[in-house]
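These are the residues of each chain, in order.
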Amino acid sequence: MTEPGRGAGPDFIEALARGLDVVRTFRPGTPSMTLSEIAGLTGLARPTVRRILITLETLGYVRGAGRGYALTPRVLDLGMAYVNALNMWDVARPHMEKLVVQTNESTSMAQLDGSDIVYVARVAVPKIVTLAVNIGTRFPAAATSMGKVLLAALPPAAVPVVLAEASRSGITPRWQPAPAELESSLREIRAKGWALADQDLAPGVRSVATGVRDGDGTVIAAVNVTVHAAETSVETLLDEHLPKLLRTAADIGHDWALTATIPSVIA
């Protein structure tokens, strides 16, 4: 639903906000929707939604799908513009590829967006997993190892505010802790510097994660190693893979800091 009065000041463009509202209605499990369904989810009038959809279709971001509409792959350009602008993938990729060779397990990088994590980089090995993961995939933060790390990096008072935002992942996690339980878990993660998620998100998914810091020491992303619970024990994950993960995160952070010091030259 749109939020009346959400914009402040004369420079807020309500039409752009409404267009983004329409794009965000397409979530996992709803690849196509009718005009009426989109209007109901956004709270916008049908004529308004129709004009937005026509505009998005003209620009190539949506297409007609039977009686409804669906997103096109061009929408990925919006997300990849963010990743490419930060140069995260180019810097992190060699280190993540090396980690995959060392562990023979998949590794991913994510950032916090509201109460979700969003995957921004990934190097995968071909294994059967419960949940498919791609760049842009969202999961509820509190039920993932990377999400726990990122939540623990926030000021404690900010965590309830962040988690008050509804997840847009479409996933109902197995582990849904009470506030006191989550607070205790995050205190422990802050002390250790890493987090374990043992099938908290879904059966069979086990992972360990740590933060990646910028040159100022601020955690700006998390990186993990994910294994199948039937193949890899918690002991193996922590004793063998975690030390390699910690070195990888440190190396990525070091390179990010170096990259930030290189002057930009525009020809």
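Up top is the structure.
Keep in mind that this is a model prediction, so the values were computed, not measured. (Residues numbered from 1 in each chain as written. Predicted model: local features only at pLDDT ≥ 70, side-chain atom pairs only at ≥ 80, totals over all residues. Heavy atoms only, no water.)

Novice: Could you give an account of the sheet that holds strand β8 (residues 205–213), with specific residues and numbers?
Specialist: Taken together, six strands build an open sheet; the order of strands is β6-β5-β4-β9-β8-β7 and the sheet is antiparallel. Strands with a single pairing partner mark the edges of an open sheet, and in this sheet they are β6 (138–140) and β7 (194–198). Neighbouring strand axes in the sheet, compared pairwise and without regard to direction, differ in orientation by 30° on average. Of the strand pairs in this sheet, strand β4 (residues 106–113) and strand β5 (residues 116–123) are connected by seven bridges, and their pairing is antiparallel. When the bridges of β5 are listed, threonine 107 appears paired with valine 123. The sheet strands contacting helix α5 (residues 88–103) are β4, β5 and β9 (219–228), and the helix crosses β5 at an angle near 70°. (Pairing = 2+ DSSP bridges. Helix = DSSP H or I, 4+ residues; strand = E, 2+ residues; numbered from the N terminus. Axes fitted to C-alpha atoms, helices over the stretch in contact; angles between N-to-C directions. Contact = heavy atoms within 4.5 Å.)

Novice: Mind laying out the side chain of threonine 103, listing which residues take part and the relevant values?
Specialist: The residue threonine 103 is located in helix α5 in this model. Here leucine 99 takes part through its backbone oxygen, which lies 2.9 Å from a polar atom of the side chain of threonine 103. Engagement of the side chain of threonine 103 in a polar contact is seen with the backbone nitrogen of glutamate 105, the distance being 3.2 Å. Those residues in contact with threonine 103 that sit more than four places away from it in its chain are His241 and Lys244. (Polar contact = N/O pair within 3.5 Å; in protein donor to acceptor, adjacent residues only side chain to side chain.)

Novice: Tell me about the layout of surface pockets, residues and numbers included.
Specialist: Gaps between atoms show up when a probe of the same size as a water molecule is rolled over them. Estimated volume of the largest pocket: approximately 1400 Å³. Surrounding the largest pocket, 36 residues form its lining, Val75, Leu76, Gly136, Thr137 and Arg138 being those nearest its centre. Per-element accounting of the lining of the largest pocket gives the leading share, six residues, to helix α4 (residues 76–86). For the lining of the largest pocket, the per-class residue count stands at 22 nonpolar, nine polar and five charged. Looking at which domains feed residues into the lining of the largest pocket, each of domain 1 (14–72) and domain 2 (79–260) gives three or more. (1 Å grid on protein atoms, 1.4 Å probe; cavity = no way out; pocket = protein on both sides within 12 Å on 5 of 7 lines; lining within 4 Å. Points joined across faces, edges and corners; volume = space filled by probe spheres on them. Nonpolar A, V, L, I, M, F, W, Y, C, P; charged D, E, K, R; others polar. Domains from an automatic or database assignment.)

Novice: Provide a residue-level description of the pattern of salt bridges, including the pertinent values.
Specialist: For the structure on display, the rule yields 10 salt bridges. For the salt bridge of arginine 93 with glutamate 97, the shortest nitrogen-to-oxygen distance reads 2.7 Å. Taken together, the residues arginine 93 and glutamate 97, both in helix α5 and four residues apart, mark about one turn of the helix. Using a relative accessible area of 38% as the deciding quantity, one classes arginine 93 as partly exposed. Overall, glutamate 97 belongs to the partly exposed group, its relative accessible area being 34%. One salt bridge in this structure joins arginine 138 and aspartate 113, with 2.3 Å as the shortest N-O distance. Here arginine 138 is found in strand β6, whereas its partner aspartate 113 is found in strand β4, with 25 residues between them in sequence. (Salt bridge = Lys/Arg side-chain N within 4 Å of Asp/Glu carboxyl O. Buried < 20%, exposed > 50% of the residue type's maximum accessible area, 1.4 Å probe, protein only.)

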